[in-house]
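# Structure at a glance
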Amino acid sequence: IPKKPLAGRHVLVTSGPTHEPIDPVRYLANRSSGRQGHAVAAAAAEAGARVTLVSGPVAIPDPAGVTVVRVESAREMLAAVEAALPADLAIFAAAVGDWRPAEMRAGKIKKDGSTPAPLQLVENPDILATIAGRSEGRPPLVVGFAAETDDVIVNAQKKIARKGCDWIVANDVSAEGGVMGGTENTVHLVARDGGSSVETWPKLGKEEVARRLVARFAELLAAK
Ligand code: C5P
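The structure presented is a predicted model; accordingly, all values stated were derived computationally and were not measured.

### Some points on the sheet that holds strand β10 (residues 167-172)
- Taken in spatial order, the eight strands line up as β5-β4-β1-β6-β9-β10-β12-β13 in an open sheet, and their pairing is mixed. The strands lining the two open edges of the sheet, one partner per strand, are β5 (67-70) and β13 (198-200). Within the sheet, the average angular offset between the axes of one strand and its neighbour, ignoring direction, is 15°.
- Note that strand β12 (residues 187-191) and β13 share three bridges and pair antiparallel. If you follow L189 over to β13, its bridge partner there is E199.
- Here helix α2 (residues 74-84) sits on the sheet in contact with β1 (10-15), β4 (50-55), β5 and β6 (89-92), set at roughly 175° to β1.
- Packed on one face of the sheet, helix α4 (residues 152-163) meets β9 (141-148), β10, β12 and β13 and runs near 150° to β10.

This is how it looks when you write it as C-alpha cells:
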C-alpha cells in the first residue's frame, strides 16, 4: 500500500451542523459535533490529498493541512461546496438542517407577553443529492453519511437510490449508542450495487473510522 494513496487528488468534505437563522440571535441547529467529518478531512490530508473542508459551526479545532471554509446555513454550505468543485472524491458528513425558517426576521423577536407567531419552515437544498445528481462536474466518487435510529442498512440502501451517491456510511445514532457528539462510531459501509456489499465495522474511534474510510475510498478511486 502506498503511503500517500491520495497524492494529487482533491478531496471535498462537509462536516458539522448547520445553523438556520430565526432572527439575529436565534437559530435552529442539531447535535452534530463535526468530529467524524473533521477526522475524515484530517485522514485524507494525511493520505496526501489536497483537502477542502466545508464546515458548519463547530467547537473543535481545524484539522492540520486542510483548507477550511466556514459556513453557517445549508444554503451557504451548498454555495461553498459548489465553489470548491471540481473534486475527485466528495464526502458529505455534515448534518445539514432539513428545514430553515421561511424568513429570517431582521430584528430580534421580542418577548412581549404574547405567544410568538409559529415558525414557518421551508425545506433546505439537499447538498449531497444536488452534487451527486449532476451530469457535469460530478466527482467520480460521491459518499454520503446516514444517521439512522432504525433499520440502518435498509434505509441506507434507499438513501443511496434517492440521493444518487455511490456509497453511504451508515451509523446508528440511537441515543444509547452515544455516537452523536461522542468519540466512537459503529459504521456500515453500503455500496450502490446493493446488499451483497455491506461491510459492518466494529466499534472504533472516529479517527480510526476516518483512516479506514479514506484507505477504502483511495483504493476505489485508484481502481476507476
Ligand atoms: O437524508 P439525510 O439527511 O439522512 O441524508 C444524510 C446525507 O445527506 C449526509 O451525507 C448529509 O451530509 C447529506 N445531506 C446534505 N444536504 C441536506 C441533507 C443531507 O448534503 N440538506
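### Focus on unusual backbone geometry
- The peptide bond linking L85 to P86 adopts the cis configuration, its omega dihedral lying at 10°.
- Mapped onto the elements, P86 comes out in the loop between α2 and β6.
- Residue D151 is not a glycine yet carries a positive backbone phi of 45°.
- On the secondary structure map, D151 appears in the loop between β9 and α4.

### A closer look at the UniProt feature "binding site: CTP" (unreviewed entry) in the protein
- Per the UniProt record, "binding site: CTP" (unreviewed entry) is found at D98, K108, P125, D126, I127, L128, F145, K159 and K163. What stands out for the annotated residues spanning 66 residues is how far apart their C-alpha atoms range, the widest pair being 37.7 Å apart.
- Tracing the chain through its elements places D126 in the loop between β8 (121-123) and α3 (127-132).
- Here L128 takes part through its backbone nitrogen, which lies 3.2 Å from a polar atom of the side chain of D126.
- Structurally, I127 can be placed in helix α3.
- Take I127: its relative accessible area is 3%, and that puts it in the buried class.
- In contact with I127, other than residues within four places in its own chain, are A74, M77, L78, V81, F92 and V96.

### Concerning the site of the ligand
- Neighbouring the ligand are F92, A94, V96, P125, D126, I127, L128, G144, F145, K159 and K163.
- For the ligand, a nitrogen atom lies 2.8 Å from a polar atom in the backbone of P125.
- Interatomic distance of 2.9 Å between a backbone N/O atom of I127 and a nitrogen atom of the ligand.
- Protein contact buries 86% of the 450 Å² of open area that the ligand shows by itself.
- If you list the elements that add at least two residues to the shell around the ligand, you get α3, β9 and α4.
- Per-class residue counts for the shell around the ligand are seven nonpolar, one polar and three charged.

### Section: the packing of helix α1 (residues 35-46) against helix α5 (residues 206-223)
- With their axes 8 Å apart at the nearest point, α1 and α5 run at an angle of 50° to one another. By the angle between their directions, the pair α1 and α5 is classed as oblique. The element α1 and its partner α5 pack so that their crossing is right-handed. Counted together, R35, Q36, A39, V40, A43, A44 and E46 of α1 and K206, E207, V209, A210, R211, L213 and V214 of α5 form the full contact between these two elements.
- In the contact of α1 with α5, the residues fall into eight nonpolar, one polar and five charged.

### Some details on α2
- When we look at burial in α2, the residues that qualify are A74, M77, L78, A80, V81 and A84. When α2 is viewed along its axis, its buried side chains cluster within an angular range of 165° and face the same direction.
- In this structure, the buried residues of α2 make contact with β1, β2 (20-23), β4, β5, β6 and α3.

### Remarks on the nonpolar core
- Counting 35 residues, the largest nonpolar core has L6, V11, V51, L89, V169, L213 and F217 as the members making the most contacts within it.
- Of all elements in the fold, only β1, α1, β4, β6, β9, β10, β12 and α5 reach the threshold of two or more residues within this core.
- Top contributing element to this core by residue count: α5, with seven residues.
- Excluding residues within four positions of it along the chain, V169 makes contact with V143, G144, F145, A146, V187, H188, L189, L213 and F217.

Cut-offs used in this document
Residues numbered from 1 in each chain as written. Predicted model: local features only at pLDDT ≥ 70, side-chain atom pairs only at ≥ 80, totals over all residues. Heavy atoms only, no water. Pairing = 2+ DSSP bridges. Helix = DSSP H or I, 4+ residues; strand = E, 2+ residues; numbered from the N terminus. Axes fitted to C-alpha atoms, helices over the stretch in contact; angles between N-to-C directions. Contact = heavy atoms within 4.5 Å. UniProt positions renumbered as here; feature names shortened; annotations may be inferred. Polar contact = N/O pair within 3.5 Å; in protein donor to acceptor, adjacent residues only side chain to side chain. Buried < 20%, exposed > 50% of the residue type's maximum accessible area, 1.4 Å probe, protein only. Near = heavy atom within 4 Å. Areas by Shrake-Rupley, 256 points an atom, 1.4 Å probe, with all protein chains shown as cover. Nonpolar A, V, L, I, M, F, W, Y, C, P; charged D, E, K, R; others polar. Parallel < 35°, antiparallel > 145°, perpendicular 65-115°, else oblique. Left-handed = near helix turned anticlockwise from the far one by under 90°. Arc of directions from axis to C-beta. Core = buried A, V, L, I, M, F, W, Y, C linked by side-chain atoms within 4.5 Å.

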